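# Remarks on the overall topology
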Amino acid sequence: MRFYRLLLLLYPASFRREYGADMIADFARRRRESSWALLDSAFDVLKNAAAAHWDVLRQDLRYTVRSLKRSRGFAFAAVAVIAIGVGANTAAFSVADFVLFRPLRFPDPNALVRLCWGPRTGGGWGCMNQLSPANYRDYKNMTSSFQAMGAYFGNAVNLVGSGEPQRISGAQVTSDVLPLLGVAPLLGRVFDSTSGGATDARSVVLSYGLWQSQFGGDPRVLGRGVNLNGTPYEVIGVMPPDLYFPTRETKMWTLLLLRDENYTDRSDNYLEAVARLKPGVSMDQARADLNVVAARLARDYPDVNGDAGFSFFAMRDTMSPRYRLMLLALCGASLCILLLTCANLANLLLARAGARERELAVRAALGAGKERLVRQIVTESMVLAVAGGIAGVAIAAAAVPLLSLLVPDTLPVASRPSLDLRVLALAAAITALTGLGFGLLPALRVGGRTGVDLSALREGIGSGGGRKQRLRNVLVAVEVAVSVVLLISSGLLIRAVWRIQSIDPGFVPERVVALRTVLPRPKYDMTQRRVQFYNRVLTDVRALPGVQGAAYITGLPMVMTGRVTGIVIPGREVSAGFRNEVVTVRSVTSQYFRTMGIPLLRGRDIEEGDIRGRANAAVVSESFAEHYWPGADPIGRTFEARGEVRAVVGVVGDVKVRGLERAEEPQLYLSAGQVADTAFINDDPKDLVVRYSGTTAALLPPVRNIVHGADTEQPISNVQTLDDVVAGETATRRAQLRVLGALAAIALLLSGVGIYGLLAFTVAQRSREIGVRLALGAEPSSVARMIVSKAMKLTLLGLVPGVLAAYAAALGMRALLFGVAPADPATILGTVVLVCLMTLAGSLVPVLRAVRVNPMLVLRSE
Amino acid sequence: MAYSRSDVDALLPLPLATFHILIALAHEDRHGYAIMLDVAKRTDGELRLSPGTLYRSIQRMLEQGLITETNERPAPELDDERRRYYRIAPFGAAAARAETQRMANLVRMARVEGLSPGRA
């Protein structure tokens, strides 16, 4: 019998209370009649208890739907608030987790590190410049911290097969690179390292994406021939999907063979290194190991390595600290939204509880037990949470693709993060708990009393008003504070973007289009042959109607940000501090400065006559001249760069080579016609810039025809306007701003709704008092003043801590502010005005309602 | 309680247990255990309502207004005081009649098609 009583506990309490006694009596009789009664009953209880719970749930759901239908405004507001909180947080944290924390998809990814050139003094981040083969070899051979180390550089090749020639991004890697990543090829093999790779000089490994797009995923692709830059290669392997190395864009790998002659010039930096730490070796130990080598290299080769060190970092951290900070700011903002969401939801529920108390008291008076009331309210909260959660997932799913702009392209991961279900569950749980907590309050109050409080049944008496009212006031103040933080933060970032956008890039980007024609080796090994190509293309393009100038350059500013060289000035000591002695170097054809709108300050432009065999001409930037020959005329001065003596023929304005937000080295321009035959392919001019009037669409077809006429196998790639290039400088910032701005707008809206809700509730509750005041002759304006001043008090209560918190937040993200002061008065003032306006807007309807209270009606209803 | 034809139709077809309970209460107020016994007797032991099924059905039928709980007690020697007694409501009687009619129609249709029991 005791067992049966225990079994009955499985039924809902309300059911047990009604029928428990009868069932126990029935069971007693049945047991007398049958020895199987207990077993039968156990099955019966299990089956029917579940069904009884389902009955109750269905009933509660029906009731919930009815009650939410009656208060549509509340239901809509609650679902929207939950959806915003859940959606914003899921999206923000999904992206942040993907970029910052999720391990890379390599085996033991934490042991993967990258090694580049860096200043001897340390500092900076990421790969600041490349290593020369000789320095790479020494770091590799003289350290003992690494299991394996390999070198690579990114390249792009012209893939000629069927149809249009294609330009494909790839990487040249030493044979150590792919094995040390630890990912086995999907098909075939990677480069053979036993013979030093010599057997694989004409082999190519495809990425999964290229295999799919260019070879239709054909499993018989191994052994097939492809033509890269005019040279036949053989496909020896296909890597699995999700392998991105060194960047997301890399579509294929060819073998990098370092021969003796590659090691002669220690200043020829073009390699990056990737390595795997030995088990048990920490980053710090490896860094110490590298430091010893760097010191030795500095001693042995002071002319090249005197100022040079290395930058060494985990592969996971291949991104600028700005990205990190930006994402953390975004996470902070969405946490603010979650806080705001919960405060708003609590406020909504507390307001509803006021109205509810009476209803619950009635139901309790009619015999509903505490358990049923609680259960009903839990069901209602759950319905709201689930509906809000579903809408939140929809919001997050829509937001994540937008946020994927914040995924840095230097990181070897897919471009689009997936939704993080753990975050979703957490955000949903937090909002559901808030809903439960504040929803249950009224039910527990009613159920907690021994008798039924009949005072709650009387119309017009707000019970338990004082404490709840204070809680609601605090919640509204918190909402104001949070929205102030978000408004000020996004305001500061907007000012930072404005400031960056107003920076002069040093050239005039409007009406300039750029396109790339990389001349493949060995077809264009001879400089003379390349110059012929440039001249033919440039002559024809300049003859096109509307074209005001055209020229070739090694790499566009802000696109090609690296490529530096050391220079030697006769009679000038090599000084410490690396930036001083390193300049960015580009090879250009004639008319480059005119086409780009870079002012020629003195002397002359590079000319077509500056070819090999004549004196090496150099055009330098203003900062270059100022640095090396301060106060003197630089024209005619000579210096040594790239192993040859150069004479300054002209001075031009400085250009923001590395981007709007970064400092740059002085700039040196050499003549395209004077590049050495043996020069590295990256030095070749390959970007054609054209200044024109008219539309890009009209310009491009004839330019394509001209390139095609000069070389039918020559592909064109990277077509872009310089406007886009400059706009791209602030693209991530603007993407981030849009997100932050949207969050701030939501926050403002939510706290406006919070203020409105509170005041509307207050007015409804105090309508009697307001009526009496009006009846006693109070002016409507004084009533209005009373309400507005209450709203303003709450706003002030939130404003002060909000501004302080915003200041703290701004200090934390100073690196993003680009010199805008964390306590920027204009931003703070603007926010205060905005928040006050929002308060006034939120109190408008309640004020109107209050002054329209009809004293007679109110008093009569008493 | 006022009810309309459409209220009745909305309940059809009645669950088997509901129909049997209505039949058991057609002419006599009974408590739960008595209903169980009556159904078993009427069906020659073929249908034995379990307590769970019975009381869940009773709960639902009370909510639907098919039956009511009654305070009138039978003769003291027959009364089991711990028991609640149930009585068929007019709405319940109407529902039972409508269900009977529905089944009769079904049986007639089946007969017309030669589906009487015992025939090949």
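Structural data are supplied above this passage.
All names here are of chain A. Burial analysis of strand β11 (residues 512–516) places 5 of its 5 residues in the buried class, which makes it a mostly covered element. Residues of β11 alternate between two faces, with Val 512, Ala 514 and Arg 516 on one and Val 513 and Leu 515 on the opposite face, all of them buried. Looking at chain direction, β11 and strand β20 (residues 687–692) are connected through 5 bridges and run antiparallel. Across the sheet, residue Arg 516 finds its bridge partner in β20, namely Asp 687. Bridge count for β11 against strand β21 (residues 717–721) is 3 bridges, and the pairing is antiparallel. Of the residues in β21, the one forming a bridge with Val 513 is Thr 721.

Residue and element names in this part refer to chain A. Examined against the element boundaries, Arg 472 turns out to sit in helix α13 (residues 465–501). Salt bridges are absent for the buried Arg 472, whose nearest opposite-charge side chain, Glu 479, sits at 7.9 Å. Excluding its chain neighbours within four sequence positions, the residues that come into contact with Arg 472 are Asn 347, Leu 350, Ala 351, Gly 757, Leu 758 and Phe 761.

All right, on to helix α22 (residues 780–812) of chain A then. Over its 33 residues, α22 of chain A extends 47 Å from the first C-alpha to the last, a length consistent with the 48 Å expected when each residue adds 1.5 Å. All of the buried residues along α22 of chain A are Val 783, Ala 784, Met 786, Ile 787, Ala 791, Leu 794, Thr 795, Gly 798, Leu 799, Gly 802, Ala 806 and Ala 810 of chain A.

Moving on, we come to the packing of helix α3 (residues 37–70) of chain A against helix α11 (residues 370–403) of chain A. Residues and elements named next belong to chain A. Put simply, α3 and α11 touch, their axes get as near as 9 Å, and they point 65° apart. For the element pair α3 and α11, the recorded crossing hand is right-handed. Residues His 53, Val 56, Leu 57, Gln 59, Asp 60, Leu 61, Tyr 63, Thr 64, Ser 67 and Leu 68 of α3 pack against Arg 372, Arg 375, Gln 376, Thr 379, Glu 380, Val 383 and Leu 384 of α11. Of the residues belonging to the contact of α3 with α11, the class tally is 7 nonpolar, 6 polar and 4 charged.

A word on the sheet that holds strand β2 (residues 67–70) of chain B. Residues and elements named next belong to chain B. Pairing is antiparallel in the open sheet, where 3 strands are placed in the order β1-β3-β2. Edge positions in the sheet fall to β1 (30–31) and β2, since each has one partner strand and no second. Examined bridge by bridge, β2 and strand β3 (residues 85–88) share 4 bridges and lie antiparallel to one another. When the sheet's bridge partners are listed, Thr 70 is paired in β3 with Tyr 85. Sheet strands in contact with helix α4 (residues 51–64) are β2 and β3, and its direction is about 100° off that of β2.

Side-chain pairs of opposite charge can arise where the charged atoms are in close proximity. One pass over the full model with this rule turns up 30 salt bridges over all chains. A salt bridge links Arg 658 of chain A to Glu 665 of chain A; the shortest N-O distance between them is 3.0 Å. Here Arg 658 of chain A falls in the buried class, since its relative accessible area comes to 8%. Under the relative-accessibility criterion, Glu 665 of chain A is labelled buried at 2%. Among the salt bridges present, the one from Glu 28 of chain B reaches Arg 30 of chain B, with a minimum N-O distance of 3.6 Å.

Tracing the backbone through its elements, the reader meets Asp 284 of chain A in helix α8 (residues 283–300). C-alpha of Asp 284 of chain A to C-alpha of Phe 312 of chain A: the two residues are 28 residues apart in sequence and 10.0 Å apart in space.

Before going further, it helps to spend a moment on the packing of helix α5 (residues 133–142) of chain A against α8 of chain A. Residues and elements named next belong to chain A. Look at α5 against α8: their axes get within 10 Å of each other, and the N-to-C directions meet at 135°. By the angle between their directions, the pair α5 and α8 is classed as oblique. Here α5 and α8 pass one another in a crossing that is right-handed. Residues Asn 135, Asp 138, Tyr 139 and Met 142 of α5 pack against Asp 289, Leu 290, Val 293, Ala 294, Arg 296 and Leu 297 of α8. A breakdown of the residues in the contact of α5 with α8 according to their chemical character gives 6 nonpolar, 1 polar and 3 charged.

Now for the interface of chain B and chain A. Counting residues at the interface gives 19 residues for chain B, matched by 20 residues for chain A. Roughly 1800 Å² is buried in total at the junction of chain B and chain A, and carbon and sulfur atoms are behind 44% of that figure. Summed over the three residues of chain B that lose the most area to chain A, namely Tyr 33, Tyr 55 and Arg 56 of chain B, the buried surface amounts to 35% of that side. Remark: the boundary between chain B and chain A carries 2 salt bridges. Linking Glu 18 of chain A and Arg 84 of chain B is a salt bridge whose minimum nitrogen-to-oxygen distance equals 2.9 Å. Counting every contact that joins chain B to chain A gives 7 residue pairs in polar contact (both at pLDDT 80 or more). When residues of the side of chain B that touches chain A are traced back to their parent elements, those giving at least two are α3 (32–42) and α4 of chain B. Top element by residues in the side of chain B that touches chain A is α4 of chain B. It accounts for 10 residues.

Conventions we followed
- Residues numbered from 1 in each chain as written.
- Chains lettered and ligands numbered in written order.
- Predicted model: local features only at pLDDT ≥ 70, side-chain atom pairs only at ≥ 80, totals over all residues.
- Heavy atoms only, no water.
- Buried < 20%, exposed > 50% of the residue type's maximum accessible area, 1.4 Å probe, protein only.
- Helix = DSSP H or I, 4+ residues; strand = E, 2+ residues; numbered from the N terminus.
- Pairing = 2+ DSSP bridges.
- Lys, Arg positive; Asp, Glu negative; His and termini not counted.
- Salt bridge = Lys/Arg side-chain N within 4 Å of Asp/Glu carboxyl O.
- Contact = heavy atoms within 4.5 Å.
- Expected span 1.5 Å × (residues − 1).
- Axes fitted to C-alpha atoms, helices over the stretch in contact; angles between N-to-C directions.
- Left-handed = near helix turned anticlockwise from the far one by under 90°.
- Nonpolar A, V, L, I, M, F, W, Y, C, P; charged D, E, K, R; others polar.
- Parallel < 35°, antiparallel > 145°, perpendicular 65-115°, else oblique.
- Buried area = accessible area lost by both parts, 1.4 Å probe.
- Polar contact = N/O pair within 3.5 Å; in protein donor to acceptor, adjacent residues only side chain to side chain.

The analysis is restricted to geometry; functional conclusions fall outside its scope.
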